[in-house]
Amino acid sequence: MLSRVFLGMNFCSGIFFLVCLVVFSPIFGVGQNNQTDHKVNIEIPEVALLGLVSEESGGINLSSMTPGEAGDQIKFSELHRNNGIWINYSSIIRSQNHRRKVVAAVQGEIPAGLRLIVEATEAVGECGGMLGISAGKVYLSNQPAEVISDIGSCYTGKGTNSGHLLSYRLEAVKNENDFASLAKNHNALHVVYTLTDQN
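As a starting point, this report considers the structure included with it. (Residues numbered from 1 in each chain as written. Predicted model: local features only at pLDDT ≥ 70, side-chain atom pairs only at ≥ 80, totals over all residues. Heavy atoms only, no water.)

What follows covers the environment of Glu122. Inspection of the secondary structure assignment puts Glu122 in the loop between strand 4 (114-120) and strand 5 (128-129). Owing to a relative accessible area of 45%, Glu122 belongs among the partly exposed residues under this scheme. Remark: the alpha-carbon pair of Glu122 and Ile148, spanning 26 residues in sequence, is separated by 9.0 Å. Ignoring anything within four residues of it in the chain, the contact list for Glu122 reads Gly132, Ile133, Ser134, Gly163 and His164. There is a polar contact of 3.4 Å between the side chain of Glu122 and the backbone nitrogen of Ser134. (Helix = DSSP H or I, 4+ residues; strand = E, 2+ residues; numbered from the N terminus. Buried < 20%, exposed > 50% of the residue type's maximum accessible area, 1.4 Å probe, protein only. Contact = heavy atoms within 4.5 Å. Polar contact = N/O pair within 3.5 Å; in protein donor to acceptor, adjacent residues only side chain to side chain.)

This is the structure:
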């Protein structure tokens, strides 16, 4: 008699477990499939922005050094950094192999017998990314000349004391005929800088 009651209780427990499994299985099923998703599009535009910033008037005044004694040559070798012209740029390239450069060209006539030189420092200030490399001393003319090369995705920071400081100087052509062509002159030139593709 006791054994039958015991079997009956096992049977009832089994039915109770089966009922619980059926009733609560949808809850467990829903808990296993509560994920969904959506698409996020990320777009970074290509950027190529260039600016010149001056600490003072925005112009550079270049002049010869007056000889101290009779017979001395007129000299033009002094560097002019005091006006503080800075190049600022922002760049986002279109691919990892793409690079940019800054070129400069003169609009106007450089006096005969003289050469105009510009030199950019390496970048300084609150900058980041793949900044350009100075080409060093560059002779300017009406044809674009590379002043800064190998620019990737970067920014120089803005304003003075950020980016590349430009230095200018004049140099007399070391040729008798060219020196003979020097005459009293006052020329106003424009130096145009362009951020362009390197490759």
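Scanning the model with the defined rule gives 7 salt bridges in all. In this structure, Arg94 and Glu46 form a salt bridge, with 3.6 Å as the shortest nitrogen-oxygen distance. Pair noted here: Arg94 is in the loop between strand 2 (80-92) and strand 3 (100-107) and Glu46 is in the loop between helix 1 (2-32) and strand 1 (47-54), with a separation of 48 residues, a long-range link. With a relative accessible area of 44%, Glu46 lands in the partly exposed category. (Salt bridge = Lys/Arg side-chain N within 4 Å of Asp/Glu carboxyl O.)

The next subject is the sheet that holds strand 3. Taken in spatial order, the 4 strands make up an open sheet running 6-8-3-11, and their pairing is antiparallel. The sheet is open, and its two borders are formed by strand 6 (133-134) and strand 11 (190-197), each paired with just one other strand. Strand direction decides the pairing type here: strand 6 and strand 8 (residues 145-151), joined by 2 bridges, are antiparallel. Opposite Ser134, over in strand 8, you have Ile148 as the bridge partner. (Pairing = 2+ DSSP bridges.)

The subject of this paragraph is the nonpolar core. Among the nonpolar cores identified, the biggest contains 24 residues, and Val118, Leu140, Ile148, Leu166 and Tyr193 are the most heavily contacted of them. For this core, the elements supplying multiple residues, two or more each, are strand 2, strand 3, strand 4, strand 7 (137-140), strand 8, strand 10 (164-172) and strand 11. If we skip the residues at most four places from it in the chain, Tyr193 touches Leu50, Leu52, Ile87, Val102, Val103, Ala104, Val118, Val147, Leu166 and Tyr168. (Core = buried A, V, L, I, M, F, W, Y, C linked by side-chain atoms within 4.5 Å.)

Attention now moves to a nonpolar patch on the surface. Taken together, Val40, Ile42 and Ile44 make up a surface patch of nonpolar side chains, about 370 Å² in accessible area. Overall, Ile42 belongs to the exposed group, its relative accessible area being 74%. (Patch = residues over 30% accessible without salt bridge, like charges linked within 9 Å, V, L, I, M, F, W, Y side chains within 5 Å. Areas by Shrake-Rupley, 256 points an atom, 1.4 Å probe, with all protein chains shown as cover.)

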